[in-house]
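Commentary on secondary and tertiary structure
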There are 2 protein chains.
Amino acid sequence: MKETTLEVRGMSCGHCVNAIEGSVGELPGVLQVKVDLQKAQVSVSYDEATSSPTAIKENIEEQGYGVA
Amino acid sequence: MKETTLEVRGMSCGHCVNAIEGSVGELPGVLQVKVDLQKAQVSVSYDEATSSPTAIKENIEEQGYGVA
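Because the structure is a prediction, the values reported are computed rather than measured. (Residues numbered from 1 in each chain as written. Chains lettered and ligands numbered in written order. Predicted model: local features only at pLDDT ≥ 70, side-chain atom pairs only at ≥ 80, totals over all residues. Heavy atoms only, no water.)

**Quick notes on the overall build of chain A**
Counted only if it meets this: Only DSSP runs of H or I covering at least 4 residues are called helices, and only runs of E covering at least 2 are called strands; the numbering of each starts at the N terminus. Throughout, the radius of gyration refers to the C-alpha atoms, and the reference size of a globule is 2.2 Å times the residue count to the power 0.38.
In terms of regular secondary structure, chain A is built from two helices and four strands. Ordered by position from the N terminus, the helices and strands of chain A form the series β-α-β-β-α-β. For 68 residues, the compact-globule formula gives about 11 Å, and the C-alpha radius of gyration of chain A, at 11 Å, lands near that figure. Each principal axis of the C-alpha atoms in chain A carries an extent, and together these give about 30 × 20 × 20 Å.

Okay, here's the thing in structure tokens:
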């Protein structure tokens, strides 16, 4: 298991938190996802055999957010 | 049919727009609802026999937004 924390721009409310946690949480290989709205961060635990920071980043960007 | 425009605080993104338009749109007597995120306004057309600005305001407040 690995962990990554991404800086995400554009998350503004609880709906955004739920959307990102729900969508990233359903990705293959993702074990846990936690959004910190105040810090503008998304922390993800994932199985490195089946997921990657790139796959997670792409999912978040597809939802219209910016990932640093 | 009557129309009312409410000033609503706390709407921050497209999820908020969808949540309010969906929820208010399902209220009895509500014919049409349109959120303007930039103006922080919710405009509603309703049947005055079966709905009221008070009922609409309460629904929006229950979702956690402030209504002026």
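**Quick word on the UniProt feature "domain: HMA" (unreviewed entry) in chain A**
Rule in force here: UniProt positions are given in the numbering used here, feature names are shortened, and annotations may be inferred rather than shown by experiment.
What UniProt calls "domain: HMA" (unreviewed entry) maps, in this numbering, to residues 2–68 of chain A. Taken as a whole, residues 2–68 of chain A contains 33% helix and 34% strand, while its terminal C-alpha atoms sit 19 Å from one another.

**Some words on the sheet that holds strand β2 (residues 30–36) of chain A**
Residues and elements named next belong to chain A. Under the convention used in this document: A pair of strands counts as paired when DSSP detects no fewer than two bridges linking them. The contact criterion used is simple: two residues touch if any of their non-hydrogen atoms lie within 4.5 Å. For helices, the axis comes from a line fit to the C-alpha atoms of the stretch in contact; other axes are also lines fit to C-alpha atoms, and the angle between any two N-to-C directions lies between 0 and 180 degrees.
Here four strands make up an open sheet; going across it, the order is β2-β3-β1-β4 and the pairing antiparallel. Strands at the two margins of the open sheet, each flanked by one partner only, are β2 and β4 (66–67). Against the sheet, helix α1 (residues 14–25) contacts β2 and β3 (41–46), and its axis sits at roughly 165° relative to β2. In the packing of helix α2 (residues 53–62) onto the sheet, the strands contacted are β1 (2–9), β2, β3 and β4, and the crossing angle to β1 comes to about 30°.

**Overview of the interface of chain B and chain A**
Convention followed: Accessible-area loss on putting two parts together, using a 1.4 Å probe and summing over both, is the definition of buried area adopted here. Any Lys or Arg side-chain nitrogen found within 4 Å of a carboxyl oxygen on Asp or Glu counts as a salt bridge. Counting of polar contacts relies on pairs of N or O atoms within 3.5 Å, with two restrictions inside protein: one atom must be capable of donating a hydrogen and the other of accepting it, and residues adjacent in sequence are counted only when both atoms are side-chain atoms. Ten residue types, Ala, Val, Leu, Ile, Met, Phe, Trp, Tyr, Cys and Pro, are classed as nonpolar, four, Asp, Glu, Lys and Arg, as charged, and the remainder, Gly among them, as polar.
Contacts between the two partners involve six residues from chain B, matched on the other side by six residues from chain A. Interface of chain B and chain A: buried area, both sides summed, is about 390 Å²; carbon and sulfur atoms make up 67% of it. Among the residues of chain B in contact with chain A, Ser12, Cys13 and His15 of chain B are the three that bury the most area, contributing 78% of the side total. Linking chain B to chain A there are zero salt bridges. Between the two partners, chain B and chain A, sit one residue pair in polar contact (both at pLDDT 80 or more). Here the residues of the side of chain B that touches chain A sort into four nonpolar, two polar and no charged.

**With respect to the packing of α1 of chain A against α2 of chain A**
All names here are of chain A. What counts, and what does not: These descriptions rest on fixed angle ranges, namely under 35 degrees for roughly parallel, over 145 for roughly antiparallel, 65 to 115 for roughly perpendicular, and the rest for oblique. Crossing handedness is read from the near helix: turned anticlockwise from the far helix by less than a right angle, it gives a left-handed crossing, and turned clockwise, a right-handed one.
Two numbers describe how α1 lies on α2: the axes approach to 10 Å, and their chain directions differ by 140°. By the angle between their directions, the pair α1 and α2 is classed as oblique. Crossing angle aside, the handedness with which α1 passes α2 is right-handed. Side by side, α1 and α2 meet where Ile20, Ser23 and Val24 of the first sit next to Ile56, Asn59 and Ile60 of the second.

**Some words on the pattern of salt bridges**
Residue and element names in this part refer to chain A. Applicable threshold: Here's how the labels work: a residue is buried when its accessible area is under 20% of the maximum for its type, exposed when over 50%, partly exposed in between, all with a 1.4 Å probe on protein chains only.
In this structure the tally under the stated criterion is two salt bridges over all chains. In this structure, Glu21 engages Lys34 in a salt bridge whose closest nitrogen and oxygen atoms are separated by 3.9 Å. Highlighted residues: Glu21 in helix α1 and Lys34 in strand β2, separated in sequence by 13 residues. Judged by its relative accessible area of 21%, Glu21 falls in the partly exposed class.

**Describing the relation of the copies chain B and chain A**
This is how it is decided: Copies overlap after least-squares fitting; the atoms used are the C-alpha atoms of residues with pLDDT of at least 70 in both.
Take chain B, turn it by 180°, move it 0.0 Å along the axis, and it overlays chain A with an RMSD of 0.0 Å. Viewed as a symmetry operation, the transformation between the two copies matches a two-fold axis. When the interface residues of chain B are mapped onto chain A, 100% of them again fall at the interface, so both copies present the same face.

**Considerations on the environment of Gln41 of chain B**
All names here are of chain B. Positionally, Gln41 belongs in strand β3 (residues 41–46). Put simply, Gln41 and Val67 are 26 residues apart on the chain and 9.4 Å apart in space, counted from C-alpha to C-alpha. For Gln41, the residues in contact, after removing those within four places along its chain, are Thr5, Leu6, Glu7, Met11, Lys34, Val35 and Asp36. Within the structure, Gln41 has its side chain in polar contact with the side chain of Glu7 (distance 3.0 Å).

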